[in-house]
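# Descriptive analysis of the structure
One letter stands for each residue in the lines below.
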Amino acid sequence: MSVKQKYNKTFDIMKGICILLMILCHLLNHNYRFIYSFHMPLFFILAGYFVKDITFSLKEFGVFTKKNAIRLLVPYFVTMFVLSAYGLWQAVAKENINLFLRPLLSTFWMGADEWHTSFGIISVNALWFIIALFWTRTLFYLILWSIQRIEHKNRDCVCVIICGVLTMLVSYLKIYTAIPPCPLSIMQGVNALLFYSIGWYVKRNELSPCLVVFSIICWPFAIYFGQIEMFGCYYKIFPLDVLGACGATWILYELCSCVAKLLEMKRKVWQLPIRFLDWAGINSLLILCVHEFDLRSGFIWSIKCRVPYINEMVFRGGELVAIHLFIAVVICFLLTKIPMVNKLFCR
């Protein structure tokens, strides 16, 4: 099976759905196994799918790393700088220096792993994905460079196998050894190599329909029996979890491909929600960074509390999440109107 000729909007809609599901899980503070079974693997699979042809040389590696850093690390540091500035303001107002030191130390820790200090727990929350993706892209380039002499037909399979072995190794070290907290989200970056390489492989090769169907069948079993936590490099049943995530990605791709075709229809009732998902996918990096700021600062919650009508009302959990998402979307929409923000965060 090939997905090369599919409608391009499909991928943005997929990312839009997954970024909203991620925020939903964080806001409800619950590990929904259905969502966790595919939403983070999907991001890495899509990132691998869009890998361009690579030229191997020290010069090209330098150019690649520079572009990679500008695309991922600059938005990270900008977000953490804003968080540190906000923390400094809060520290002065509440006379608690820890409110400033935590985001400042987290900025340079850059780790998904928690570092327990006298200032509190130091870690990045949702932004671990950005740092991990930087390492995944860099390591994948080096892996391809190291096996470039292998025949093209075999090289793709060898690359996926190497990435799979590294992913299993990191998962084993993380779970079964007393490895100390690791900064820079390096282990998470290595852990994502398998899904990244799968996306790269799918674009370059025809997949057997039997393999696709088998992975789809595995998904419900992976939801019930397995468990993926890419943040912690954890796979309950490694082969089942990986196959299930790939099967779920394929199902979502086919569904979103059909949804994207509705944009061609003239009925506005279909176009508005689909265009919103498309917009969310295009601006997924900005939405992630705004969400990180909110997780640490509680900024959006403070906005809700300052609105008299909303503050006086009693909401259920789902209603609060809807209001929260609405305010976050409005903030992101306004930020996209700033040229510098649009250049740094938006595709």
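Above: the structure in question.
All values reported here derive from a predicted model rather than from experimental measurement.

The rules behind the values
- Residues numbered from 1 in each chain as written.
- Predicted model: local features only at pLDDT ≥ 70, side-chain atom pairs only at ≥ 80, totals over all residues.
- Heavy atoms only, no water.
- Core = buried A, V, L, I, M, F, W, Y, C linked by side-chain atoms within 4.5 Å.
- Buried < 20%, exposed > 50% of the residue type's maximum accessible area, 1.4 Å probe, protein only.
- Contact = heavy atoms within 4.5 Å.
- Helix = DSSP H or I, 4+ residues; strand = E, 2+ residues; numbered from the N terminus.
- Expected span 1.5 Å × (residues − 1).
- Salt bridge = Lys/Arg side-chain N within 4 Å of Asp/Glu carboxyl O.
- Axes fitted to C-alpha atoms, helices over the stretch in contact; angles between N-to-C directions.
- Parallel < 35°, antiparallel > 145°, perpendicular 65-115°, else oblique.
- Nonpolar A, V, L, I, M, F, W, Y, C, P; charged D, E, K, R; others polar.

## Digging into the nonpolar core
By size, the foremost hydrophobic cluster in this structure holds 91 residues, and its most contacted members are Phe44, Trp128, Phe195 and Met230. What Met230 contacts, discounting residues up to four positions off in sequence, is Met40, Pro41, Phe44, Trp128, Gln188, Asn191, Ala192, Phe195 and Tyr235.

## Section: the environment of Met14
Take Met14: it is sitting in helix α1 (residues 9-28). For the pair Met14 and Glu254, spaced 240 residues apart in sequence, the C-alpha separation works out to 9.9 Å. Setting aside chain neighbours within four positions, we find Met14 in contact with Leu42, Leu46, Thr249, Leu252, Tyr253 and Cys256.

## Observations concerning helix α7 (residues 152-176)
A rise of 1.5 Å per residue sets the reference length of α7, with its 25 residues, at 36 Å; its end C-alpha atoms lie 36 Å apart and thus fit the reference within 8%. By the burial criterion, the buried members of α7 are Arg155, Asp156, Cys159, Val160, Cys163, Gly164, Thr167, Val170 and Ser171. Turning to α7, the residues buried within the fold contact α6 (128-146), α8 (186-191), α9 (193-204), β4 (234-235) and α11 (238-261).

## Quick look at unusual backbone geometry
The phi dihedral of Glu95 falls on the positive side, at around 55°, and the residue is not glycine. With respect to the helices, strands and loops of the structure, Glu95 is situated in the loop between α4 (58-94) and α5 (98-109). According to the relative accessible area criterion, Glu95 is exposed, its value standing at 74%. Positive phi values are uncommon outside glycine, yet Cys233 reaches one of about 60°. You can see Cys233 is positioned in the loop between β3 (228-229) and β4. Overall, the relative accessible area of 0% leaves Cys233 in the buried class.

## Observations regarding α1
With 20 residues, α1 should reach 28 Å at 1.5 Å per residue; the first-to-last C-alpha distance of 29 Å fits that figure. For α1, a buried count of 14 out of 20 residues is recorded, marking the element as mostly surrounded by other parts of the structure.

## Quick word on the environment of Asp12
Position of Asp12 relative to the elements: it lies in helix α1. Once the C-alpha coordinates of Asp12 and Ser284 are considered, the two residues, 272 residues apart in sequence, prove to be 8.8 Å apart.

## Points about the side chain of Ser171
Along the chain, Ser171 falls in helix α7. Look at Ser171 and you get buried, because its relative accessible area is 7%. The residues touching Ser171, leaving out its near neighbours within four places in the chain, are Cys233, Tyr234 and Tyr235.

## Considering the pattern of salt bridges
According to the stated counting rule, one finds three salt bridges in the structure shown. For the salt bridge of Lys15 with Asp12, the shortest nitrogen-to-oxygen distance reads 4.0 Å. Taken together, the residues Lys15 and Asp12, both in helix α1 and three residues apart, mark about one turn of the helix. Take Lys15 and Asp12: they sit in the same class, and that class is buried. Note that Asp156 and Arg204 form a salt bridge whose closest N and O atoms lie 3.1 Å from each other. Of this pair, Asp156 sits in helix α7 while Arg204 sits in helix α9, and the two are 48 residues apart along the sequence.

## Observations regarding the packing of α4 against α6
Running from N to C, α4 and α6 cross one another at 170°; their axes reach a closest spacing of 9 Å. As the angle between them shows, α4 and α6 are arranged roughly antiparallel. For the pair α4 and α6, contact is made by Leu58, Glu60, Phe61, Phe64, Thr65, Asn68, Ala69, Arg71, Leu72, Leu73 and Tyr76 and by Ile130, Ile131, Leu133, Phe134, Arg137, Thr138, Tyr141, Leu142 and Trp145, respectively. Per-class residue counts for the contact of α4 with α6 are 14 nonpolar, three polar and three charged.

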